[in-house]
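# Residue-level structural notes
Here is how the chains run, residue by residue.
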Amino acid sequence: MSIGDDERKLLEQALNYGWPEIQRHLIEEAAKAQSQEGDPYEPYWTTESDGTRTLHASPDSWWLKELRREDVIIQLPGVAIMNSAEWTVDSIVSTLIEGYGSFGEPDDDLFTEEHILAHIERFPWGQFMAIRLGGMGAGHAVGMAATMRTSRPPTEAVLPWPEAIGDMRLGAHESDGDWLYGVEMAVRPMYRRHGIGTALYAARFALARHLNLRGWYAVGMLMGYKDHAGKMDVTEYGEKVVAGALKDPTVTMQMNRGFRAERVVTEYVDEPDAGNAGVLIVWENPEYEA
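### Brief notes about the packing of helix H3 (residues 89–99) against helix H4 (residues 113–122)
- Packing of H3 against H4 brings their axes to within 9 Å, and their N-to-C directions diverge by 115 degrees. Crossing angle aside, the handedness with which H3 passes H4 is right-handed. Here Val89, Asp90, Ile92 and Val93 of H3 come into contact with H4, specifically with Glu113, Ile116, Leu117 and Ile120.
- Classifying every residue of the contact of H3 with H4 by side-chain character gives six nonpolar, no polar and two charged.

Laid out in structure tokens, this is it:
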């Protein structure tokens, strides 16, 4: 059976955009029908006269009461890009741990829940997450990005990452800084190559435009260096990446996103696979008005 254009649009909207609202409506209506008291998003049981017990609502539905359509910045099929919120900090930390493969290993360079909460309080518009809207793991972050504002331009000497951010709570954030600084980004491995990273970049480009900032810069880690470490030092590798003679999985991707690769930055952060080095990448806001 074929459907018309109008019906197709309604179907696509229901599948790609309507799930949270539809699920919320069904849960609330079911709670009303059962005269449920308290939070309708918390799972609850009812018992029939024959002793049959029924579990109502999904154990994963708790997040629906927190989600608001107006909070969604970019929507992908089944995933929404939003500003990070308090109710998501645990899964943001899990995203970092999974993204960096640090399961069970202490890592002083990974943000904790306490740190993420401090970022949200300090600069709420600069913290981003990608959350699943359906299926297993719905309501949990699968990607994240952290930024801060700084008045230190990219033309100055690049500080090592711990100094650049001030401390793990982004103590170096300047509320009137005219540059956006890329602090961190991670996507869970199984969700990579689905447009989530691209959407997180797009959200930050939009933020720089919205705040009328001069631009955005960061240090892209040379994560491909581990495959060349026996052939050249990290500076030579980075220079070849900047010149386009070699492709790096991180820096080359960032260059393709619109960043200009400036120069190699050594001893930036403790990352053995990258030789502790990266490349200064800069994007200048074409809409900036002094």
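### Considerations on the pairing of strand S3 (residues 72–76)
- Both S3 and strand S4 (residues 79–83) contribute to a ladder of four bridges, which runs antiparallel. Residue pairing in the sheet places Gln75 in a bridge with Ala80 of S4.
- Connecting S3 to the next strand, S4, in antiparallel fashion are two residues, including Gly78 with a positive phi near 80 degrees.

### A closer look at the pattern of salt bridges
- Within this structure, the stated rule accounts for seven salt bridges.
- Glu262 is paired through a salt bridge with Arg260; the nearest N and O atoms lie 2.5 Å apart.
- For Glu262, a relative accessible area of 34% gives the class partly exposed.
- Residue Arg260 is classed as partly exposed on the basis of its relative accessible area, which comes to 38%.

### Observations concerning H3
- Buried within H3 we find Val89, Ser91, Ile92, Val93, Thr95 and Leu96.
- On its buried face, H3 sits against H4, strand S5 (127–132), strand S6 (141–150) and strand S7 (179–187).
- Positive phi shows up at Gly101, right after H3, with a value of about 60 degrees.

### Description of the sheet that holds strand S10 (residues 278–284)
- What the eight strands build is an open sheet, ordered S3-S4-S5-S6-S7-S8-S10-S9; its pairing is mixed. Each edge of the open sheet is held by one strand with a lone partner, namely S3 and strand S9 (260–265). Taking each pair of neighbouring strands and ignoring which way they run, the sheet shows an average axis angle of 25 degrees.
- Two strands pair when backbone bridges link them, and S9 and S10 are joined in this way by five bridges, in the antiparallel orientation. Its bridge partner being in S10, Arg260 is matched across the sheet by Val282.
- Across the sheet, H3 lies against S5, S6 and S7, angled at about 100 degrees from S6, the strand it touches most.

### Topic: the nonpolar core
- Core analysis: the largest hydrophobic core is formed by 78 residues, its most contacted members being Phe111, Ile165, Val183, Ile196 and Leu222.
- Top element by residues in this core is helix H6 (residues 196–210). It accounts for eight residues.
- Beyond its immediate chain neighbours, meaning those up to four positions away, Ile165 contacts Phe111, Met148, Leu170, Gly171, Ala172, Tyr181 and Val183.

### Quick look at the side chain of Gln127
- For Gln127, the position within the fold is in strand S5.
- Polar contacts involving the side chain of Gln127 include one to the main-chain carbonyl oxygen of Phe123, which spans 3.0 Å.
- Not counting residues within four places of it along the chain, the set of residues in contact with Gln127 comprises Met82, Asn83, Ser84, His119, Ile120, Ala145, Ala146, Thr147 and Leu170.

### Examining the packing of aromatic side chains
- Scanning the entire structure with this criterion turns up 10 aromatic pairs.
- The interplanar angle of 70 degrees and the centroid separation of 6.1 Å between the aromatic rings of Tyr201 and Phe259 together place this pair among those described as edge-to-face. One end of the pair, Tyr201, is in helix H6; the other, Phe259, is in the loop between helix H8 (251–256) and S9, with 58 residues separating them in the sequence. Grouping residues by exposure puts Tyr201 and Phe259 together as buried.

### What about the environment of Asp71?
- Its place among the elements puts Asp71 in the loop between strand S2 (53–56) and S3.
- With relative accessibility at 36%, the residue Asp71 sits in the partly exposed group.
- Taking the C-alpha atoms as reference points, Asp71 and Met82, 11 residues apart in sequence, are found 6.1 Å from one another.

### Here's the deal with helix H7 (residues 234–243)
- If you check which residues of H7 are buried, you get Val234, Tyr237, Gly238 and Val241. Angular distribution of buried residues about the axis of H7 spans 95 degrees; they occupy a single face of the element.
- Two or three places before Thr235, at the opening of H7, Asp233 has a side-chain oxygen 3.2 Å from that residue's backbone nitrogen.
- Once H7 finishes, Gly244 follows within two positions and takes phi at roughly 90 degrees, a positive value.

### Examining unusual backbone geometry
- Positive phi, normally seen in glycine, also occurs at Asn212, with a value near 55 degrees.
- Relative to the helices and strands, Asn212 is located in the loop between H6 and strand S8 (215–221).
- Its relative accessible area of 31% is what places Asn212 among the partly exposed residues.

Rules and cut-offs
Residues numbered from 1 in each chain as written. Predicted model: local features only at pLDDT ≥ 70, side-chain atom pairs only at ≥ 80, totals over all residues. Heavy atoms only, no water. Axes fitted to C-alpha atoms, helices over the stretch in contact; angles between N-to-C directions. Helix = DSSP H or I, 4+ residues; strand = E, 2+ residues; numbered from the N terminus. Left-handed = near helix turned anticlockwise from the far one by under 90°. Contact = heavy atoms within 4.5 Å. Nonpolar A, V, L, I, M, F, W, Y, C, P; charged D, E, K, R; others polar. Pairing = 2+ DSSP bridges. Salt bridge = Lys/Arg side-chain N within 4 Å of Asp/Glu carboxyl O. Buried < 20%, exposed > 50% of the residue type's maximum accessible area, 1.4 Å probe, protein only. Core = buried A, V, L, I, M, F, W, Y, C linked by side-chain atoms within 4.5 Å. Polar contact = N/O pair within 3.5 Å; in protein donor to acceptor, adjacent residues only side chain to side chain. Phe/Tyr/Trp six-rings, centres within 6.5 Å; stacked < 30°, edge-to-face > 60°. Arc of directions from axis to C-beta.

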